[in-house]
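So the chains spell out like this:
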Amino acid sequence: MTVTIYHNPECGTSRNTLAMIRQSGVTPDVIDYRTNPPSRERLQQLISDAGLSVRQAIREKGTPFAELGLDDPSLSEDALLDAMLAHPILINRPFVETPRGVRLCRPSELVLDILENPDIGPFTKEDGEVIIDAKGQRLV
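Residues numbered from 1 in each chain as written. Predicted model: local features only at pLDDT ≥ 70, side-chain atom pairs only at ≥ 80, totals over all residues. Heavy atoms only, no water.

## Things to note about the overall build of the protein chain
Right, so step 1: Regarding its fold elements, the protein chain presents three helices and six strands.
Right, so step 2: Mapped from its N terminus to its C terminus, the protein chain presents α and β elements in the order β-α-β-α-α-β-β-β-β.
Right, so step 3: Relative to its length of 140 residues, the protein chain is compact, with a C-alpha radius of gyration of 15 Å against a globular reference of 14 Å.
Right, so step 4: Each principal axis of the C-alpha distribution contributes one length, and for the protein chain these read about 50 × 30 × 25 Å.
Right, so step 5: The buried share among the 140 residues of the protein chain stands at 43%.
Right, so step 6: Within the protein chain, residue pairs in contact and separated by at least 24 positions form 58% of the contacts whose partners lie at least 6 positions apart.
Right, so step 7: Accessible area for the protein chain stands at about 7,000 Å²; split by element, carbon and sulfur atoms hold 46% of it. (Helix = DSSP H or I, 4+ residues; strand = E, 2+ residues; numbered from the N terminus. Rg over C-alpha atoms; globule rule 2.2 N^0.38 Å. Buried < 20%, exposed > 50% of the residue type's maximum accessible area, 1.4 Å probe, protein only. Contact = heavy atoms within 4.5 Å. Areas by Shrake-Rupley, 256 points an atom, 1.4 Å probe, with all protein chains shown as cover.)

This is the structure:
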């Protein structure tokens, strides 16, 4: 099974998602989208397959979103895509693609919905939030 994660190793949500993928028994293709961003076509496909609009897939926090005036509701999706490609940090993360679908995994536990083996055993996020308890029950 091929699993790809568009990852930012500095992001806790992205690290938690990657850890869940690995705990499921999969060694994913890990793409640091900041240094190796997807093509325009690939980015559009990921966003579409995740059921999102481009505006829903753009990251505001910790990015040049405001400085670039991207909060202007009159901006087209093409203009937003142009900005995301020029400044990959604007691509929200992590996008994960598996044979079962594509998700923007915010929160990170959304990845469980598209893993072939979502029964990963106990899992606690870096911040201490328990996602799956010792009995294997998903808490969120």
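Having put the structure on the table, let's press on.
## Focus on the packing of helix α2 (residues 40-49) against helix α3 (residues 77-86)
Helix packing geometry: the angle between the two helix axes and the distance between the axes.
Right, so step 1: Interhelical geometry of α2 versus α3 gives an angle of 115° and a closest axis separation of 11 Å. Crossing of α2 over α3 shows right-handed handedness. On α3, the residues touching R40, L43, Q44 and I47 of α2 are D78, L81, D82, M84 and L85.
Right, so step 2: Residues that form the contact of α2 with α3 fall into these classes: five nonpolar, one polar and three charged. (Axes fitted to C-alpha atoms, helices over the stretch in contact; angles between N-to-C directions. Left-handed = near helix turned anticlockwise from the far one by under 90°. Nonpolar A, V, L, I, M, F, W, Y, C, P; charged D, E, K, R; others polar.)

## As for unusual backbone geometry
Right, so step 1: For the bond from R93 to P94, the omega torsion is -5°, close enough to zero to count as cis.
Right, so step 2: With respect to the secondary-structure elements, P94 resides in the loop between α3 and β3 (95-98).
Right, so step 3: Omega for the peptide link from R106 to P107 comes to 5°, which places this bond in the cis form.
Right, so step 4: Tracing the backbone through its elements, the reader meets P107 in the loop between β4 (101-104) and β5 (123-124).

## Here's the deal with a nonpolar patch on the surface
Right, so step 1: On the surface, a nonpolar cluster with roughly 230 Å² of combined accessible area is contributed by V130, L139 and V140.
Right, so step 2: Secondary-structure assignment places V130 in strand β6 (residues 130-132). (Patch = residues over 30% accessible without salt bridge, like charges linked within 9 Å, V, L, I, M, F, W, Y side chains within 5 Å. Salt bridge = Lys/Arg side-chain N within 4 Å of Asp/Glu carboxyl O.)

## Remarks on the side chain of E109
Right, so step 1: Secondary-structure assignment places E109 in the loop between β4 and β5.
Right, so step 2: When neighbours within four sequence positions are excluded, E109 is seen to be in contact with M20, K125, I131, R138 and V140.

## Remarks on the sheet that holds β3
Right, so step 1: Here four strands make up an open sheet; going across it, the order is β2-β1-β3-β4 and the pairing mixed. A single partner strand is all that each edge strand has here, and the edge strands are β2 (29-32) and β4. Direction aside, neighbouring strands of the sheet carry axes that sit 15° apart on average.
Right, so step 2: Alignment of strand β1 (residues 4-7) against β2, held across four bridges, turns out to be parallel. Across the sheet, the residue bridging to T4 is D29, located in β2.
Right, so step 3: Where helix α1 (residues 12-23) meets the sheet, it contacts β1, β2 and β3, and its direction lies at approximately 160° from that of β1. (Pairing = 2+ DSSP bridges.)

## Here's the deal with the pairing of β3
Right, so step 1: Inspection of the sheet shows β1 paired to β3 by three bridges, in the antiparallel sense. Note that in β3 the partner of Y6 across the bridge is F95.
Right, so step 2: Inspection of the sheet shows β3 paired to β4 by four bridges, in the antiparallel sense. Residue pairing for β4: E97 is matched across the bridge by V102.

Purely geometric stuff here, so don't read any function into it on its own.
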